[in-house]
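# Topology and contacts: notes
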Amino acid sequence: MERYLRTPIKEVIGRFPDVGRILDAAGIGCVPCSVGTCLLSDVVEIHNLSGDEERELLGRIAAVLYPGQVVPLPERRRSGPAGPRRIAYSPPMKRLVDEHKRIMRFVALIPAIARTFDAASEEHRQMILRGVDFIRSYADRFHHAKEEDILFGYFDPNLDILMAMHEDHRKGRDHVKNLLDALDRRDKKGVAASLGGYAAVLTEHIKKEDEILYPWMDRNLSTRQVGEMFERFREVDEKFEEARRKHEEFLDGIEGKFKTVEVTK
Ligand SMILES: [Fe+2]
Ligand SMILES: [Fe+2]
């Protein structure tokens, strides 16, 4: 069993596709991950399962790897206490989670924005451009930059999960670029497709960060690092305060507008 725990997950799934199905069923989405060089042991560790959940998961995986045999399950050593999943974020991580809530307030409006978008209306085009300004300025230049320039800097850049997060940020930027191109062409379908693509990437990305990445990072950061990171975030937040207020007003305004649309329909 130890041998497989030290094998990259993609290799294990390649040889034993049922392991991928077991991980998927446990809500551990390794199959769609484009990087996939995490070891099986990292995958188990990073999800911080409770002792019982972990034993059950490893038991089901062992039954696939060694069919018909009884194999001893290893006791995993952890860098912090194991689940059950009650997430208590450190103060800097809590700030990032709060920023996710703001980003998701906009993402929640995307289906309605896409559905009602009229490519011939200058007002609608301006609304999309203000949305792009929110995404680029708040979600990307402010929030993603804090992650990439500060938080991720405390960890090995070659970690699979960090490469996957960078890849998500890049995909989000690509959707925004395609959105602007479609807007230029007054292409309603293209606008809807890019908005939908952005919403899908960000929804999944934020869930992974909130539920897996940030708790795992918190467990691996020292108190000194958490304090230092909090101070560095505070400096960035201070510089961005005026823009943050502008984005808050945008969110309140657009939420009010779409609530009115829903009510009057
Ligand atoms: Fe991120
Ligand atoms: Fe994030």
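Predicted model only: the values in this text are computed from it and were never measured.

### Points about the overall build of the protein chain
Per the secondary structure count, the protein chain includes ten helices and zero strands. Seen in sequence order, the protein chain has helices and strands lined up from the N terminus as α-α-α-α-α-α-α-α-α-α. Taking all 265 residues of the protein chain together, the buried fraction comes to 25%. Taking contacts inside the protein chain between residues at least 6 apart in sequence as the whole, the part at least 24 apart equals 78%.

### Some thoughts on the environment of aspartate 181
The topology assignment puts aspartate 181 in helix H8 (residues 160–184). Each C-alpha atom, one on aspartate 181 and one on serine 194, is 9.7 Å from the other, the two residues being 13 residues apart in sequence.

### Here's the deal with helix H3 (residues 17–25)
Taken residue by residue, H3 has Val19, Gly20 and Leu23 as its buried positions. Seen along its axis, H3 keeps its buried residues to an arc of 100°; they face one direction. Away from the buried face of H3 by more than 90 degrees, exposed residues Pro17 and Ala25 are located. Where H3 is buried, its residues meet helix H2 (9–15), helix H4 (40–46) and helix H5 (51–65).

### Side note on the nonpolar core
Ranked by size, the top nonpolar core spans 24 residues in total, and within it Ile9, Val12, Leu40 and Val43 carry the most contacts. Breaking this core down by element, the ones donating at least two residues are H2, H3, H4, H5, helix H6 (91–116), H8 and helix H9 (188–220). The dominant element in this core, judged by the number of residues it contributes, is H4, at four residues. Looking at this core, you find at least three residues from each of domain 1 (2–65) and domain 2 (91–264). Core analysis: the second largest hydrophobic core is formed by 20 residues, Ile103, Ala182, Leu183 and Leu195 among them.

### Digging into the confidence of the model for the protein chain
Residues with a pLDDT of 70 or more make up 90% of the protein chain, whose mean pLDDT is 88. Taking the mean pLDDT of every element in the protein chain, the minimum, 75, falls on H4 and the maximum, 96, on H6.

### A closer look at H5
For H5, with 15 residues, the first-to-last C-alpha span of 21 Å sits near the 21 Å given by 1.5 Å per residue. Looking at H5, one finds that the buried residues are Glu54, Leu57, Leu58 and Ile61. Viewed along the axis of H5, the buried residues span an arc of 95°, placing them on a single side of the element. Turned more than 90 degrees away from the buried face of H5, the exposed residues are Asp52 and Gly59. The inward-facing, buried residues of H5 abut H3 and H4.

### Some points on the packing of H6 against helix H7 (residues 122–149)
Interhelical geometry of H6 versus H7 gives an angle of 150° and a closest axis separation of 11 Å. By the angle class used here, H6 and H7 are roughly antiparallel. As H6 packs across H7, the resulting crossing turns out to be left-handed. Only Gly131, Phe134, Tyr138, Ala139, His143, Lys146 and Glu147 of H7 make contact with H6, whose side of the interface consists of Leu96, Glu99, Arg102, Ile103, Phe106 and Ile113. Taken together, the residues of the contact of H6 with H7 break down into seven nonpolar, two polar and four charged.

The rules behind these values
- Residues numbered from 1 in each chain as written.
- Chains lettered and ligands numbered in written order.
- Predicted model: local features only at pLDDT ≥ 70, side-chain atom pairs only at ≥ 80, totals over all residues.
- Helix = DSSP H or I, 4+ residues; strand = E, 2+ residues; numbered from the N terminus.
- Buried ≥ 20, exposed ≤ 12 C-beta atoms within 10 Å, placed from the backbone.
- Contact = placed C-beta atoms within 7 Å.
- Arc of directions from axis to C-beta.
- Core = buried A, V, L, I, M, F, W, Y, C linked by C-beta atoms within 7 Å.
- Domains from an automatic or database assignment.
- pLDDT = per-residue confidence, 0-100.
- Expected span 1.5 Å × (residues − 1).
- Axes fitted to C-alpha atoms, helices over the stretch in contact; angles between N-to-C directions.
- Parallel < 35°, antiparallel > 145°, perpendicular 65-115°, else oblique.
- Left-handed = near helix turned anticlockwise from the far one by under 90°.
- Nonpolar A, V, L, I, M, F, W, Y, C, P; charged D, E, K, R; others polar.

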